[in-house]
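Structural overview for review
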Amino acid sequence: MTIRDELFAYAEDIGADTIGVCSAEAFEALVPNRQKPSTTVQNMKSMIVFARHMLAGALTHDSQPYQGMNSHLAAFEIDELSHKIARWLEDRGALAVPVPNEAVFTDIDKKPAGSLDFKWVAEAAGIGTVGLDLNLLTPDHGPRVYLGVVMTDRKIEPTAPLERDLCPGMSCGRCAVICPTQAVPTEAPLADGVRDYRYLQKKRCSFGASRIGARSLIMNLRAAAAAPHDIDTDAAIDSLYVRDFWQSLNSKAGAFAACFECWYICPIGKKDFKPMYRAPTRKNDLPKGSVEHIKEDGVHRVIHRGPPEERRHEYERDRELANILNIDAIPRQ
Ligand code: B12
Ligand code: SF4
Ligand code: SF4
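A short tour of the structure in this document, coming up. (Residues numbered from 1 in each chain as written. Chains lettered and ligands numbered in written order. Predicted model: local features only at pLDDT ≥ 70, side-chain atom pairs only at ≥ 80, totals over all residues.)

1. Things to note about the pairing of strand β2 (residues 46–53)
Of all 8 residues making up β2, 8 are buried, and the element is well covered by its neighbours. Side-chain alternation along β2 places Ser46, Ile48, Phe50 and Arg52 on one buried face and Met47, Val49, Ala51 and His53 on a second face that is also buried. Here strand β1 (residues 18–23) runs beside β2; their pairing, made up of 6 bridges, is antiparallel. Of the residues in β2, the one forming a bridge with Ile19 is Phe50. In this structure, β2 lies alongside strand β6 (residues 145–152), joined through 8 bridges in antiparallel fashion. Paired with His53 across the bridge in β6 is Val145. (Buried ≥ 20, exposed ≤ 12 C-beta atoms within 10 Å, placed from the backbone. Helix = DSSP H or I, 4+ residues; strand = E, 2+ residues; numbered from the N terminus. Pairing = 2+ DSSP bridges.)

Okay, structure coming up:
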């Protein structure tokens, strides 16, 4: 048994769904920005990347705080697994560093956020492929996984990337039409493949995914400071936004992990998609015929024909305060 086989057996035993390895040196050459192995932790030779899925039951619940809390449980498991995998390696004489799984620079437009960008490490190590909406998709649970990375100075034989993309791109297009903040491309040249056009407008997505996070707080405070009229301070102070903000500090609900639309509807995932769709809350999400495909002038466009009904407002709770302050809706750009 190689050290890789032993490590994989251990990781699966303690709860990793899937695991792979990627050479730090080979990956370094692929990274187009500063999110490199060498800028994350120096002198590391291998990156162990693994996934832990989110409970399908939690994704059938229509309460966002329930979903958020459950996503944090999955993320906590990632932290625990990272620590255990690193300790396992150190017990065998290696140096090992778990990479923080949710580290974000708040200025996400100007700097790369986080250190390593895990989805690319996961794709390189073959535990899945990156889809149209830049979620990493895995064969068993589609995008509904959190990812962990442990870097080590031990050379471990890399695992191979998957041979085929799991995401067919625009010919599915479900995440593009459902995205409440319109952050995912809804059209692409007909001749191109998903690797040519997969993309996410991350600032837009953050309005949904991090609705009570620092970004919405700062934008609301800025807008309030610049408001050209008197503000109902009582209503602003005792508002749903402020109460949710407190809850997000306390339990992380809503701070991030506040939007799962692109996770519910992604049909990839042998183990969880069908069971999830048995639930009454999910049954009506993009049933057959609700994504219209238009192919003309060399372009493939997808259009939402519903159901579900518009759920956008649920994911733009930062606007609640804007409404109380009677200021224009916060600009998206
Ligand atoms: C910042 C961040 C966000 C941002 C930006 C998302 C993004 N896709 O980049 C926002 C707030 C929008 C966000 C939203 C969500 N996130 Co988030 N997020 C992160 C975080 C902390 C960093 C990601 C990052 O570095 N992005 C880089 C962006 C900001 O830079 P960029 O300039 O746009 O892109 C450059 C890099 O990608 C660079 N690059 C860097 N290395 C490499 C290597 C290769 C080979 C290539 C080609 C390119 C490349 O090339 C790009 C062009 O310059 C990661 C954790 C991590 N460390 O990976 C979790 C992470 C991506 N998030 C996660 C999750 C779950 C979510 C949400 C579902 C929210 C939720 N409900 O929990 C949504 C999903 C959005 C989506 N469709 O992807 C999971 C993803 C799991 C999965 N299955 O893919 C992660 C991995 C956390 C985790 N540990 O599991 N997130
Ligand atoms: S997390 Fe929500 S806002 Fe972000 S890409 Fe997915 S559906 Fe869109
Ligand atoms: S919903 Fe469809 S287009 Fe979007 S990532 Fe999943 S398979 Fe790809």
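2. Here we look at the sheet that holds strand β9 (residues 299–304)
Strands sit in the order β7-β9-β8 across an open sheet of 3 strands; the sheet is antiparallel. Of all the strands in the sheet, the pair left with one neighbour each is β7 (187–189) and β8 (291–296). Each strand of the sheet is rotated relative to its neighbour by a mean of 20°, with strand direction disregarded. Sheet topology note: the β8/β9 ladder contains 6 bridges and is antiparallel. Bridge pairing links Ile294 to Arg301 in β9. (Axes fitted to C-alpha atoms, helices over the stretch in contact; angles between N-to-C directions.)

3. What to know about the sheet that holds β2
Strand order in this open sheet of 4 strands is β1-β2-β6-β3, and the pairing throughout is antiparallel. Each edge of the open sheet is held by one strand with a lone partner, namely β1 and β3 (96–99). Strand-to-strand twist across the sheet, computed as the mean angle between neighbouring axes with direction ignored, equals 25°. Where helix α5 (residues 64–91) meets the sheet, its contacts fall on β2, β3 and β6, and the angle it forms with β6 comes to roughly 25°. (Contact = placed C-beta atoms within 7 Å.)

4. Observations regarding the site of ligand 2
If you check the shell around ligand 2, you find 13 residues, and the closest are Cys179, Cys205, Gly208, Cys259 and Cys262. Examining the composition of the shell around ligand 2, we find that 3 residues originate from one element, helix α9 (residues 202–209), more than from any other. (Near = placed C-beta within 6 Å.)

5. Brief notes about the nonpolar core
Formed by 74 residues in total, the largest nonpolar core has its most connected members in Met47, Val49, Val121, Leu147 and Val149. When residues of this core are assigned to domains, at least three fall in each of domain 1 (3–152) and domain 2 (169–324). If sequence neighbours within four positions are ignored, Val149 has contacts with Met47, Ile48, Val49, Val99, Leu116, Phe118 and Val121. (Core = buried A, V, L, I, M, F, W, Y, C linked by C-beta atoms within 7 Å. Domains from an automatic or database assignment.)

6. Observations regarding unusual backbone geometry
Glycine aside, negative phi is the norm for most residues, and most peptide bonds take the trans geometry. Following Gly306, the chain continues to Pro307 via a peptide bond in cis, the omega torsion being -5°. With respect to the helices and strands, Pro307 occurs in the loop between β9 and α16 (318–324). In this chain, Pro307 is followed by Pro308 through a cis amide linkage whose omega measures 10°. Looking at the secondary structure, you find Pro308 in the loop between β9 and α16. A positive phi angle, close to 70°, is found at Leu134, a residue other than glycine.

7. Observations concerning α5
Between its first and last C-alpha atoms α5 spans 40 Å; for 28 residues at 1.5 Å apiece the expected length is 40 Å, and the two agree. Looking at α5, one finds that the buried residues are Gln64, Gln67, Gly68, Ser71, Ala75, Ile78, Leu81, Ser82, Ile85, Ala86 and Leu89. For α5, the secondary structure elements touched by its buried residues are α1 (3–13), β2, α4 (56–60), β3 and β6. Residue Gly93 follows α5 closely and has a positive phi angle near 90°. (Expected span 1.5 Å × (residues − 1).)

8. Let's talk about the environment of Asp285
With respect to the element layout, Asp285 can be found in the loop between α15 (280–283) and β8. Taking the C-alpha atoms as reference points, Asp285 and Arg174, separated by 111 residues in sequence, lie 9.9 Å from one another. When near neighbours in sequence (up to four residues on either side) are disregarded, Asp285 contacts Tyr264, Ile265 and Pro308.

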